[in-house]
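For reference, the chains in residue letters:
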Amino acid sequence: MKNSEVAEKLMEIAHLLEIKGENPFKIRSYEKAANSILSLPKEIKEFVKEDKLKSISGIGASISQKIKELLETGKIQYLENLKKEIPQGLLEMLNIPGMGPKKIKAVYTKFGIKDIRGLEIAARRGDLAELDGFGEKTAQNILRGIELLTRQSGRMLSVTAKKIAEDFVEFLRKEKTCKKIEVCGSLRRACETIGDIDILAVSSKPQEFMERFIKKDGIKKVIAKGETKSSVLTEDEAQVDLRVVEEKSFGAAVMYFTGSKKHNIHLREIAVKKGFTLNEYGLFKKTKKGTGSFLAGKTEEEIYKKLKMQYIPPEIREDTGEIELALQRKLPELVERKDIKGDTHIHSTYSDGNARIPEIAQKAKSLGYEWVGICDHSRSLKVARGLSIEELLKKKKEIENFNKKSDVKVLFGAEVDILPDGTLDYPDEILRQLDICIIAVHTAFNQPEDVLNKRILMAMENPYVHILAHPSCRLIGKREPLSIDYEKIIKKAKERGVILEVNVFPDRLDLKDIYIKFAIQNGVLISMGTDAHALYQMDNIDYGIKYIRRGWVKKSDIINTMTYDEVKKFLKGRNR
DNA sequence: GCCGTTTTCGGCCCGACTGTTTTCAGTCG
Ligand SMILES: Nc1nc2c(ncn2[C@H]2C[C@H](O)[C@@H](COP(=O)(O)OP(=O)(O)OP(=O)(O)O)O2)c(=O)[nH]1
Ligand SMILES: [Mg+2]
Ligand SMILES: [Mg+2]
Ligand SMILES: [Zn+2]
């Protein structure tokens, strides 16, 4: 059973307990445990085997027992009992914006409403007004919420979110009263998908500013509008939250609005232990009465400092150990955009890319690179115009000639298919001629798990392989990651000196952040490739660098920081 | 339900907006 499935079960318990009206802290325990499991790179069954479940933060006697039961029997009796008690439809009602556990419980106990359909009928009829705390508008809002639900498109890819955010920022920045503006939330942390867009601003006329925000073109609905915070829904169904604060609170507010929620809560707990309070307005020393005295708030740096911590980069604010390390001043120095000297994975017109080698090199130069790896598809991948051996050798010639007169150097590469039987799509005498040999699965994704595992591990044994590309083969929102043993692949990469690619095409982000971190802990090197099929896609390096920082990558962990001479020599040395 | 370098019991982040209700509960960030 996958970690995500175990986490799912715990979240289901949390939701059912919420509807039951259980102790909120108990509910948070289940949520916290679920979250912890989601950030584990190792399979949960390994923890069960080694009897180490309780070493996971947020998992104690009761939850560890339930996880064991789940892995042994396939279910949790406690959850089964809850499900018997509470109809499934009530859980679905939680997805309606504005409907929370309390309202759901109320309509269920009073009217026996068991699903969204029933709720809609009751709201239309005007029955709901009978309930305490339910008025005219409540029913209206429920109906609007149900309407939104049916069209709600889920989470966005980073590219989509980035465009919307830039559009809003450009619009708001034009306002004369706009003093400061910053995109926060999951976009600032460079998460793999984005739920909504969170923008923070300082304005000399906050009320006017808010007014302008909710009246922007392309807004379909104002979800909420207040003095410091408003939310809107755009015509393309994206939610945008705007928070406006005073200059002296800007840092505290950026910190709050950047999150993550788990990081915020942990920081606030630390503040409390020191006799402080931390909120979006600042860090305050608690006094007997009143709000307390202001300690810091203008910048994030000064708040971390007052908490006796190093500054924590946004990308790693997930409460996965960064706070403890910041307290000990032991945070790693993460790789930066300016360290990047090349891109390992670009397609040209030789296969399914739309740019020629000189154009790619020129674009690389504009990005500040010294080199690019041009890796086209291999001969059996006909749909992507994979290169025959003759074409590949022609490409080799062109690159040799090109490099003689170019300051940006091209690495002669290929993205070689791992065939269904685990062999590679070119013979060794061809592979050995490549400056950069990356291998990947592009076919037969639905082989059984053990076959896939053997197939990939076998391919990694080939002495001419440098990089395993997009290891999970997932396409976010379209194709699930391969169910393979990532721990084994990471161990094999270490054993064979194979580099693991982080493919930063927006719907791939593969390796995924938690596995990047795990790979690096295990001494495996990574590479970053945009997998660009068009010049503009090489710009994905910008989000890419932030994404790999989520995996705690240092400059020395990634080959893209090497100079041309270094990378060339390094890859040559790997040919055994 | 979890957790502990003061604790094995008694805490558990903190605030904005909405709608309903005259002081707050629910939901969300
Ligand atoms: N202290 C605190 N901060 C919160 C809480 N919920 C949200 N925040 C902060 C941290 C979040 O990153 C930030 C923005 O909230 P969002 O719901 O938009 O979450 P985020 O952007 O992280 O993820 P998303 O991709 O939008 O789902 O607000 C909370 O319960 N407590
Ligand atoms: Mg957000
Ligand atoms: Mg938000
Ligand atoms: Zn590929």
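Since this is a predicted model, take the numbers as computed values, not measurements.

What counts and how
- Residues numbered from 1 in each chain as written.
- Chains lettered and ligands numbered in written order.
- Predicted model: local features only at pLDDT ≥ 70, side-chain atom pairs only at ≥ 80, totals over all residues.
- Heavy atoms only, no water.
- pLDDT = per-residue confidence, 0-100.
- Donors = N, O, S within 2.8 Å, 3.2 Å for Na, K, Ca; no water.
- Buried < 20%, exposed > 50% of the residue type's maximum accessible area, 1.4 Å probe, protein only.
- Helix = DSSP H or I, 4+ residues; strand = E, 2+ residues; numbered from the N terminus.
- Expected span 1.5 Å × (residues − 1).
- Arc of directions from axis to C-beta.
- Contact = heavy atoms within 4.5 Å.
- Near = heavy atom within 4 Å.
- Polar contact = N/O pair within 3.5 Å; in protein donor to acceptor, adjacent residues only side chain to side chain.
- Areas by Shrake-Rupley, 256 points an atom, 1.4 Å probe, with all protein chains shown as cover.
- Nonpolar A, V, L, I, M, F, W, Y, C, P; charged D, E, K, R; others polar.
- Phe/Tyr/Trp six-rings, centres within 6.5 Å; stacked < 30°, edge-to-face > 60°.
- Lys NZ or Arg CZ within 6 Å of the ring centre and 35° of its normal.
- Salt bridge = Lys/Arg side-chain N within 4 Å of Asp/Glu carboxyl O.
- Pairing = 2+ DSSP bridges.
- Axes fitted to C-alpha atoms, helices over the stretch in contact; angles between N-to-C directions.

A word on the confidence of the model for chain A
Taken as a whole, chain A shows an average pLDDT of 96; of its residues, 99% reach a score of 70 or greater. Two numbers describe this predicted complex: its pTM, 0.95, and its ipTM, 0.96.

Notes on the coordination of the magnesium ion (ligand 2)
Every protein donor of the magnesium ion (ligand 2) is accounted for by Asp196 (OD) and Asp198 (OD), and the metal-donor separations fall at 1.9 to 2.1 Å. Between the magnesium ion (ligand 2) and the magnesium ion (ligand 3), a spacing of 3.6 Å is present, and a bridge between the two is formed by Asp196. By the burial criterion, Asp196 is buried, and Asp198 matches it.

A closer look at helix H10 (residues 158-173)
Taking 1.5 Å per residue, 16 residues should reach 22 Å; H10 reaches 21 Å between its end C-alpha atoms and fits that length. Every buried residue of H10 is accounted for by Ser158, Ala161, Ile164, Ala165, Phe168, Val169, Phe171 and Leu172. Viewed end-on, H10 has its buried residues packed into an arc of 165°, placing them on one side of the element. Facing away from the buried side of H10 by more than 90 degrees, the exposed set consists of Lys163 and Arg173.

Description of the side chain of Ser249
Examined against the element boundaries, Ser249 turns out to sit in the loop between strand E7 (239-245) and helix H13 (250-258). Overall, the relative accessible area of 4% leaves Ser249 in the buried class. Leave out the neighbours within four places in its chain, and Ser249 touches Glu280, Tyr281 and Gly297.

Structural notes on the site of ligand 1
Around ligand 1, 15 residues are found, and the nearest of them are Arg155, Ser186, Gly195, Asp196 and Asp198. One nitrogen or oxygen atom from the side chain of Arg189 is found 3.0 Å from an oxygen atom belonging to ligand 1. Asn264 is positioned with one of its side-chain polar atoms (N or O) 3.1 Å from a nitrogen atom of ligand 1. Alone, ligand 1 offers 600 Å² of accessible surface; in the complex the protein occludes 71% of this. Listed by contribution, the elements that provide at least two residues to the shell around ligand 1 are helix H11 (185-188), H13 and helix H14 (261-273).

Description of the coordination of the magnesium ion (ligand 3)
The magnesium ion (ligand 3) binds to the protein through Asp196 (OD), Asp198 (OD) and Asp241 (OD); the donor distances cover 2.1 to 2.2 Å. Motif for the magnesium ion (ligand 3), donor spacing along one chain: D-x1-D-x42-D. Overall, the relative accessible area of 18% leaves Asp196 in the buried class. Taking the relative accessible area as the measure of exposure, Asp241 reaches 11% and is therefore buried.

Thoughts on the environment of Tyr543
Tracing the backbone shows Tyr543 in helix H23 (residues 541-549). Residue Tyr543 is classed as buried on the basis of its relative accessible area of 7%. C-alpha separation for the pair Tyr543 and Arg189, spaced 354 residues apart in sequence, amounts to 10.0 Å. If we skip the residues at most four places from it in the chain, Tyr543 touches Ser158, Lys162, Ser186, Leu187, Ala190, Cys191 and Ile194.

Points about the side chain of Asp557
Following the sequence through the fold, Asp557 ends up in the loop between H23 and helix H24 (564-574). A polar atom in the side chain of Asp557 sits 2.8 Å from the backbone nitrogen of Lys554. Setting aside chain neighbours within four positions, we find Asp557 in contact with Ile520, Leu525, Ile526 and Trp552.

A look at the protein's contact with DNA strand B
If you check the shell around DNA strand B, you find 51 residues, and the closest are Arg28, Gly60, Gly135, Lys225 and Arg268. For DNA strand B, the backbone makes up 78% of the atoms found within 4 Å of the protein, where backbone means sugar plus phosphate. One of the backbone nitrogen or oxygen atoms of Ser62 is found 3.2 Å away from a phosphate oxygen of DNA strand B. Residue composition of the surface near DNA strand B, by class: 17 nonpolar, 17 polar and 17 charged.

Remarks on the packing of aromatic side chains
Here the structure, examined in full by the defined rule, presents 5 aromatic pairs. Between the aromatic rings of Tyr486 and Tyr515, the centroid separation amounts to 4.5 Å while the plane-to-plane angle is 20°, which identifies the pairing as stacked. Linking Tyr486 in helix H21 (residues 486-496) with Tyr515 in helix H22 (residues 513-521), this pair joins segments that are 29 residues apart in sequence. No difference in accessibility class separates Tyr486 from Tyr515, as the two residues are buried. Cation over ring: Lys66 sits above Tyr78, and NZ or CZ is 4.5 Å from the ring centre. Over the face of the ring belonging to Phe168 we find Lys216, whose NZ or CZ atom lies 4.6 Å from the ring centre.

Points about the pattern of salt bridges
For the structure on display, the rule yields 47 salt bridges. With a closest N to O distance of 3.7 Å, Glu120 and Arg117 form a salt bridge. Placement of the pair is Glu120 and Arg117 together in helix H8 (residues 116-125), with a separation of 3 residues, close to one helical turn. By relative accessible area, Glu120 is classed as buried at 19%. Accessibility expressed as a relative area gives 53% for Arg117, which makes it exposed.

A few points about the environment of Gly368
Secondary-structure assignment places Gly368 in the loop between helix H17 (357-366) and strand E12 (371-377). Overall, Gly368 belongs to the partly exposed group, its relative accessible area being 49%. Taking the C-alpha atoms as reference, Gly368 lies 9.6 Å from Asp339; in sequence the two are 29 residues apart.

Looking at the sheet that holds strand E6 (residues 229-234)
The 5 strands are arranged E2-E4-E7-E6-E5 in an open sheet whose pairing can be described as mixed. Both outer strands of the open sheet, strand E2 (178-183) and strand E5 (219-225), are each paired with one neighbouring strand and no more. For this sheet, the mean angle separating the axes of adjacent strands, direction not counted, is 20°. Summarising the sheet, E6 and E7 pair through 5 bridges and their orientation is antiparallel. Bridge pairing in E7 links Ser230 to Leu242. Here helix H12 (residues 206-214) sits on the sheet and contacts E2, strand E4 (197-203), E5, E6 and E7; the angle it forms with E7, its principal contact strand, is near 170°.

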